[in-house]
Amino acid sequence: RAFRAAVDAEKDPKVQAQLVMYVNQQLLRKLHLRDHGVAKKEYQALLRAALNASPVSANDRAALHAFRAAHGLTEGDHDACLDALGWSRADFEIGARLGVEGTTNALR
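So, a few notes on the structure that sits alongside this text.

Section: the overall build of the chain
- Scanning the chain from N- to C-terminus turns up six helices and zero strands.
- Each helix and strand of the chain, ordered N terminal to C terminal, gives the series α-α-α-α-α-α.
- Expressed as a percentage of its 108 residues, the buried residues of the chain come to 19%.
- Taking contacts inside the chain between residues at least 6 apart in sequence as the whole, the part at least 24 apart equals 54%.

Written out as structure tokens, the structure is:
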């Protein structure tokens, strides 16, 4: 209400329009950040499920890529999720974690 009163009090219609446009941009930015955070959490859950079914199949990698593309997630987001789950990009690309523990498990 205070914002609306301030806009109404402004006599220059160009300034009024700029004020409204600025607030709209800020609201859209906040919505985008919120939606991005939700999508990233959902992606990490899907990624965790795929990683737990190691080795990660080509179909799983393709489905994860499609999810990232559909939700505007970046390669940086993907890498951050992998890192949070203890995987490297190289491990993901070959479909298995090949650190000492991963190699030991693969040999069993």
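Some thoughts on the nonpolar core
- One finds Tyr43, Leu47, Leu51, Leu64, Leu82 and Phe92 to be the most contacted residues of the largest nonpolar core, which totals 14 residues.
- When sequence neighbours within four positions are dropped, the list of residues in contact with Leu82 reads Leu47, Leu51, Trp87, Ser88, Arg89 and Phe92.

Things to note about the pattern of salt bridges
- For the structure shown, the criterion picks out five salt bridges.
- We note a salt bridge from Asp77 to Lys40, for which the minimum N-O separation is 4.0 Å. Pair noted here: Asp77 is in helix 4 (residues 75-84) and Lys40 is in helix 2 (residues 13-52), with a separation of 37 residues, a long-range link.
- Looking at Asp77, the relative accessible area reads 11%, which means it is buried.
- Overall, the relative accessible area of 26% leaves Lys40 in the partly exposed class.
- Notably, a salt bridge pairs Arg68 with Glu75, separated by 3.5 Å at the nearest N-O pair.
- Sharing partners across several salt bridges, the network here consists of Arg68, Glu75, Asp79, Arg89 and Glu93.

Brief notes about the environment of Cys81
- Mapped onto the elements, Cys81 comes out in helix 4.
- With 40 residues separating them along the chain, Cys81 and Lys41 place their C-alpha atoms 8.8 Å apart.

Here we look at helix 3 (residues 58-71)
- With 14 residues, helix 3 ought to run about 20 Å at 1.5 Å a step, and its terminal C-alpha atoms sit 20 Å apart, in line with that.
- All buried positions along helix 3 are accounted for by Leu64, Phe67 and Arg68. Each buried residue of helix 3 sits inside an arc of 100 degrees when the element is viewed along its axis, so together they form one side. Exposed residues pointing more than 90 degrees away from the buried face of helix 3 are listed as Ala58, Asn59, Ala69 and Ala70.
- Gly72 lies just past helix 3 and shows a positive phi near 70 degrees.

Notes on a nonpolar patch on the surface
- On the surface, Phe3, Val15 and Leu19 cluster together to form a nonpolar patch covering roughly 200 Å² of accessible area.
- The topology assignment puts Val15 in helix 2.
- Judged by its relative accessible area of 33%, Val15 is partly exposed.

So, the side chain of His78
- Structurally, His78 can be placed in helix 4.
- A distance of 3.3 Å separates a polar atom in the side chain of His78 from a polar atom in the side chain of Arg68.
- The residues contacting His78, other than those within four sequence positions of it, are Tyr43, Arg68, Arg89 and Phe92.

Reading guide: rules and limits
- Residues numbered from 1 in each chain as written.
- Predicted model: local features only at pLDDT ≥ 70, side-chain atom pairs only at ≥ 80, totals over all residues.
- Heavy atoms only, no water.
- Helix = DSSP H or I, 4+ residues; strand = E, 2+ residues; numbered from the N terminus.
- Buried < 20%, exposed > 50% of the residue type's maximum accessible area, 1.4 Å probe, protein only.
- Contact = heavy atoms within 4.5 Å.
- Core = buried A, V, L, I, M, F, W, Y, C linked by side-chain atoms within 4.5 Å.
- Salt bridge = Lys/Arg side-chain N within 4 Å of Asp/Glu carboxyl O.
- Expected span 1.5 Å × (residues − 1).
- Arc of directions from axis to C-beta.
- Patch = residues over 30% accessible without salt bridge, like charges linked within 9 Å, V, L, I, M, F, W, Y side chains within 5 Å.
- Areas by Shrake-Rupley, 256 points an atom, 1.4 Å probe, with all protein chains shown as cover.
- Polar contact = N/O pair within 3.5 Å; in protein donor to acceptor, adjacent residues only side chain to side chain.

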